[in-house]
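The primary structure of each chain is shown beneath.
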Amino acid sequence: MATVLIENLTKVFPPTANQPNQVQALGGLNLSITGNVLVAVLGPSGCGKTTLLNIVAGVEQPTSGSVRSVQDGVPAHISYVFQEPRLLPWRTVVNNMIFVQDRKSDRSRREAEFYLSMVGLGDVADLYPSQLSGGMQQRVNIARAFLVNPDILLMDEPFSHLDALTGRSLRDYLQKIWSQTRKTALLVTHDVNEAVELADRIIMMRPGGVIFDDIPVNLPRPRHPSNPDLQFLQNDILRRFDSMEAAVRFGVG
Amino acid sequence: MTDFSSLPHLPDSLTDTAARSVQKTQTAKPGGLFSRPWFLRLLAIAIIIIVWQLVALTNIRVPNIAEVIRFLIIEISEGTHGGTFKGLFWSPIGNSFMRYAIGMAIGVPIGFALGILIGTSTYARGLLNDTTLVLLALPSVVWAFLSTLWFGLTSEGPILAVVLTAAPFVAVSVSAGVRNIDRSLIEMCASYRVPLLRRTQHLILGGTLPSAITGTRLAFMAGWNSLIIVEWFGATSGVGWRARTLYNFQDYPGFTTWILLFILLIMILDRFLLRPVERRAFRWNEPPMLTFAETDDDSNASTNNSGKRLRKRQD
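The present account deals with the structure reproduced in this document. No experiment lies behind these values; they were computed from the predicted model shown. (Residues numbered from 1 in each chain as written. Chains lettered and ligands numbered in written order. Predicted model: local features only at pLDDT ≥ 70, side-chain atom pairs only at ≥ 80, totals over all residues. Heavy atoms only, no water.)

### Remarks on the overall build of chain A
Okay, step 1: A tally of helices and strands in chain A yields 7 helices and 10 strands.
Okay, step 2: For 253 residues, the compact-globule estimate of 2.2 N^0.38 gives 18 Å, and the C-alpha radius of gyration of chain A, at 19 Å, lies within 12% of that figure.
Okay, step 3: If you line up chain A on its principal axes, its C-alpha atoms span 60 × 45 × 40 Å.
Okay, step 4: Across the 253 residues that make up chain A, the buried fraction comes to 55%.
Okay, step 5: The contacts in chain A between residues at least 6 apart in sequence include a share of 71% that link residues at least 24 apart.
Okay, step 6: On chain A, the mean spot of the 24 positive side-chain charges and the mean spot of the 25 negative ones are 2 Å from each other. (Helix = DSSP H or I, 4+ residues; strand = E, 2+ residues; numbered from the N terminus. Rg over C-alpha atoms; globule rule 2.2 N^0.38 Å. Buried < 20%, exposed > 50% of the residue type's maximum accessible area, 1.4 Å probe, protein only. Contact = heavy atoms within 4.5 Å. Lys, Arg positive; Asp, Glu negative; His and termini not counted. Charge placed at Lys NZ, Arg CZ, Asp CG, Glu CD.)

Written out as structure tokens, the structure is:
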């Protein structure tokens, strides 16, 4: 079973030419995630969500505090779905998938094609990324993350660059593939819709990199956006954000 | 679970469809002969020949095309131009190509290695960047005099000149290629923990290849020019030496013939060796950086190595 244990995590970015003051992205964050759950980290832009994910991925180092990602006592194998597709343009779709696999075998290609077919792209394996639309490239990005058979799956606003309709269809693909694989997953998003549709638990963050609420979502899957329970939960979350903002504004929080 | 074994695999038929749609748009294009690139190319050659012949009519020091062809035939058959002056064709070309091949075989890899160093290490960039630019800016004639001083009238001088001309061209484009590799792709590799060897091979080399090939194409042209100039001043064989000999004899048809041969040889090399290689390197649909004379297609759309245009699919 995979576990992510985050203790007292802080991240401060030093001043730069564009930003004369130092920026506190994370301010002593504690979070524990265990088991086959999809956890959404929800918050407005600039609240440190992506920094949190980058630190869990090992791409960035924290200023203080610790992050431990383990699977059965050993360091967990992590994969990352980025905001943008991040495919090598000079490699075909299937070769982009095989590129990140930690072992090479005759089965690599078949496995890659299998995950491509899971996101509805069974017929584009030998095309180049430039031959695909933005939504299709993003589906390759998702399939690639599942191909490496991660213990922990990190997703950084994977639908934010897409139009609403394409985003919705990709969420369906993600729900389907996640339901079948049940990886421990951390999804960063600023979209309340997306969080309630996909997550088992929603962590709400506010600017300064602090968690202010932690909401379980006990709704059956597959979830459809028109489900009234989802809309009720969505309104509840928006209300919580409003009261948080008011509290911050008047110095109560 | 999806039954994977029954999934259709359609890449061939997809690309064929793309190719068919390209053919359709090409045949439907209006404009007649003047919209055809091959016709315009022939027209340009015809205009050059006509202007040349007009100039030849009025100037005794400009040979006409018939004189050039007559001279060329004697050179190729290695007959006599009159008296003891013998035709010579294969040995100058063979000598030049041998020097050129050795020079490029040394210069291109050196340039590639330098380019990777300059592109990846700030120390190497500080040390080598200016030196590379100085080499790039130095006129070939300087190498001609220096190599004659150092080596006398041997083959080493021309070979060294080719190496020193070609390497900086390759180095500059390779280092630019390395520096232009998308940082987000490097991060992607880091987060997936792609091993260093595979990362170097597929991300660094793969991303640099197109600019490296464009740089190599430029290096091939610059190296050839440099070779001819060095042979002109400091060799006793080769294309440059032959042109100079004929120039010294004031043999205008001979001199013109060899100048034309010099241009023709590099054009043949570019068209049948370098451009196909470049096209293959760019098959993933990024337009080449050198846009002159690069496709038979009159539009700017790229084609892949088999001439099929890459077509975007929609969701």
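### Examining the side chain of Ser175 of chain B
Okay, step 1: Considering the arrangement of structural elements, one finds Ser175 of chain B in helix 7 (residues 156–179).
Okay, step 2: Its relative accessible area of 4% is what places Ser175 of chain B among the buried residues.

### Focus: the side chain of Glu194 of chain A
All names here are of chain A.
Okay, step 1: Turning to its location among the elements, Glu194 is positioned in helix 6 (residues 192–198).
Okay, step 2: Polar contacts involving the side chain of Glu194 include one to the side chain of Thr189, which spans 3.1 Å.
Okay, step 3: With residues up to four places along the chain from it excluded, the contact list for Glu194 reads Pro158, Phe159, Arg171, Leu187 and Thr189. (Polar contact = N/O pair within 3.5 Å; in protein donor to acceptor, adjacent residues only side chain to side chain.)

### Considerations on the packing of helix 9 (residues 196–234) of chain B against helix 10 (residues 239–248) of chain B
Residue and element names in this part refer to chain B.
Okay, step 1: At a closest axis distance of 7 Å, the pairing of helix 9 and helix 10 adopts a crossing angle of 50°. Taken together, the axes of helix 9 and helix 10 lie oblique to each other. At the point where helix 9 passes helix 10, the crossing takes the right-handed sense. Note on element contacts: helix 10 touches helix 9 through Val239, Gly240, Trp241, Ala243, Arg244 and Tyr247, opposite Ile228, Glu231, Trp232 and Phe233.
Okay, step 2: Residue classes in the contact of helix 9 with helix 10 are distributed as 7 nonpolar, 1 polar and 2 charged. (Axes fitted to C-alpha atoms, helices over the stretch in contact; angles between N-to-C directions. Parallel < 35°, antiparallel > 145°, perpendicular 65-115°, else oblique. Left-handed = near helix turned anticlockwise from the far one by under 90°. Nonpolar A, V, L, I, M, F, W, Y, C, P; charged D, E, K, R; others polar.)

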